[in-house]
Amino acid sequence: MTDRLWDIFFDIHSGLPRQGPGDDESTRRALAACDGLPDGPAICDIGCGPGMQTLALAEALSDAGIVAVDFHQPYLDDLAERAQRAGCAERIELCCADMADLPFDAARFDLIWSEGAAYVIGVDAALDAWRPLLRSRACLAFTELVWLTSDPPDEAAAFFAEEYPAMRGADAVAAGVEAKGYEMLGRFTLPDAAWWKHYYTPLAARLLELEKKYAGDAEALGMIATSEREIEIRRRFGNSYGYEFLVARKAS
């Protein structure tokens, strides 16, 4: 995207609790599947956004040290304020970096976490790029947009063919994880409520505000319309696709 389109994108998504579907209950459920974490685990939350899940991890693992990574500094600034209010800022290190080229030593982390962000570089590329950062038998947990049916409605299929052509079925994603040298520990589909409370409901309100702000700006209004269309697709066809939470361990 051009710099201006990125500016509009970040304007659309600014001030939201999350940058994608999810909730604290799902974060904790996935964390419970991370078998064998040591005391005081070193965690990297990649594509953390404003950090709702980062804080959930910090609360659940009070002895953990977390590195929160995002390439958009304002998200990290939001996370810093939230962490300060939550009383865990001293355990969260902020890192503004590209998830495809992270500035960390090999075998640094006991757990890599990424909710709704691996798609940015592609799940297969992320699995390759992040595996060297994990210690032996360390864990990886991430969410990915997947088809839940082999025959999705034509309208939903057409929308995602344009917006996310790499989208696969949940079983195919899990098989891809194992093919990249990981052992699956568990997986589940996010509940429908995890799409709405902290993401689509506040996003819809934000879009109404921005329609007024960008009145007459065809480029911005086009991006706003795409986001509104995405929400409508979810309302109508949500049973055919979802976010899958996948938890795996680096194989020996």
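Our structure's up above, just so we're on the same page.
Residues numbered from 1 in each chain as written. Predicted model: local features only at pLDDT ≥ 70, side-chain atom pairs only at ≥ 80, totals over all residues. Heavy atoms only, no water.

(A) Main features of the overall build of the protein. From N to C terminus, the protein includes nine helices and eight strands. Rg of the C-alpha trace for the protein: 18 Å, near the compact-globule value of 18 Å for 252 residues, within the 12% margin. The dimensions of the protein, computed from C-alpha atoms along their principal axes, are 55 × 45 × 30 Å. Once local pairs closer than 6 in sequence are excluded, the contacts in the protein between residues at least 24 apart make up 77%. With an accessible surface of roughly 11400 Å², the protein has 50% of that area assigned to carbon and sulfur atoms. Here the protein holds 24 positive side-chain charges and 42 negative ones, and the gap between their average locations is 3 Å. (Helix = DSSP H or I, 4+ residues; strand = E, 2+ residues; numbered from the N terminus. Rg over C-alpha atoms; globule rule 2.2 N^0.38 Å. Contact = heavy atoms within 4.5 Å. Areas by Shrake-Rupley, 256 points an atom, 1.4 Å probe, with all protein chains shown as cover. Lys, Arg positive; Asp, Glu negative; His and termini not counted. Charge placed at Lys NZ, Arg CZ, Asp CG, Glu CD.)

(B) Up close: the environment of Leu61. Counting through the fold element by element, Leu61 comes out in the loop between α3 (52–60) and β2 (65–70). On a C-alpha basis, the gap between Leu61 and Ala248 in space is 18 Å, while along the polypeptide they are 187 residues apart. In contact with Leu61, other than residues within four places in its own chain, are Leu31, Leu37, Pro41, Ile43 and Arg91.

(C) Seen up close, empty space enclosed by the protein. In total, this model carries one cavity of 30 Å³ or more according to the counting rule given. By volume, the largest cavity is sized at about 30 Å³. Looking at the largest cavity, the residues that line it are Ala118, Val123, Ala126, Leu127, Trp130, Leu140 and Phe142. Ranked by residues supplied to the lining of the largest cavity, first place goes to helix α5 (residues 123–130) with four residues. (1 Å grid on protein atoms, 1.4 Å probe; cavity = no way out; pocket = protein on both sides within 12 Å on 5 of 7 lines; lining within 4 Å. Points joined across faces, edges and corners; volume = space filled by probe spheres on them.)

(D) Structural view of the side chain of Arg206. Here Arg206 is to be found in helix α8 (residues 193–213). Side-chain polar atoms of Arg206 contact the side chain of Asp11, separated by 2.6 Å. Dropping the residues within four chain positions of it, Arg206 is found in contact with Asp11, Ile12, Ser14 and Leu16. (Polar contact = N/O pair within 3.5 Å; in protein donor to acceptor, adjacent residues only side chain to side chain.)

(E) Focus on the pairing of strand β4 (residues 109–114). Summarising burial for β4: six of the six residues are buried, a large majority. The pairing of strand β1 (residues 42–46) with β4 spans three bridges and is parallel. Residue Ile43 lies in a different strand from β4, and its bridge partner there is Leu111. Looking at chain direction, β4 and strand β5 (residues 134–147) are connected through five bridges and run parallel. Looking at the pairing, Ile112 lines up with Leu140 of β5. (Buried < 20%, exposed > 50% of the residue type's maximum accessible area, 1.4 Å probe, protein only. Pairing = 2+ DSSP bridges.)

(F) Fine view of the pattern of salt bridges. Going through the model one piece at a time under the given rule, you end up with 20 salt bridges. In this structure, Glu183 engages Arg137 in a salt bridge whose closest nitrogen and oxygen atoms are separated by 2.9 Å. Here Glu183, found in strand β7 (residues 182–189), pairs with Arg137, found in strand β5; they are 46 residues apart in sequence, far enough to count as distant. Here Glu183 falls in the partly exposed class, since its relative accessible area comes to 29%. Exposure remark for Arg137: the relative accessible area of 34% places this residue in the partly exposed category. Among the ionic pairs, Arg187 bridges to Glu244, the shortest N-O distance being 3.1 Å. Of this pair, Arg187 sits in strand β7 while Glu244 sits in strand β8 (residues 241–250), and the two are 57 residues apart along the sequence. (Salt bridge = Lys/Arg side-chain N within 4 Å of Asp/Glu carboxyl O.)

(G) Spotlight on a nonpolar patch on the surface. A cluster of nonpolar residues, Met1, Trp6 and Phe71, forms a patch on the protein surface that exposes about 330 Å² of accessible area. With respect to the secondary-structure elements, Met1 resides in the segment before α1 (3–13). Here Met1 falls in the exposed class, since its relative accessible area comes to 54%. (Patch = residues over 30% accessible without salt bridge, like charges linked within 9 Å, V, L, I, M, F, W, Y side chains within 5 Å.)

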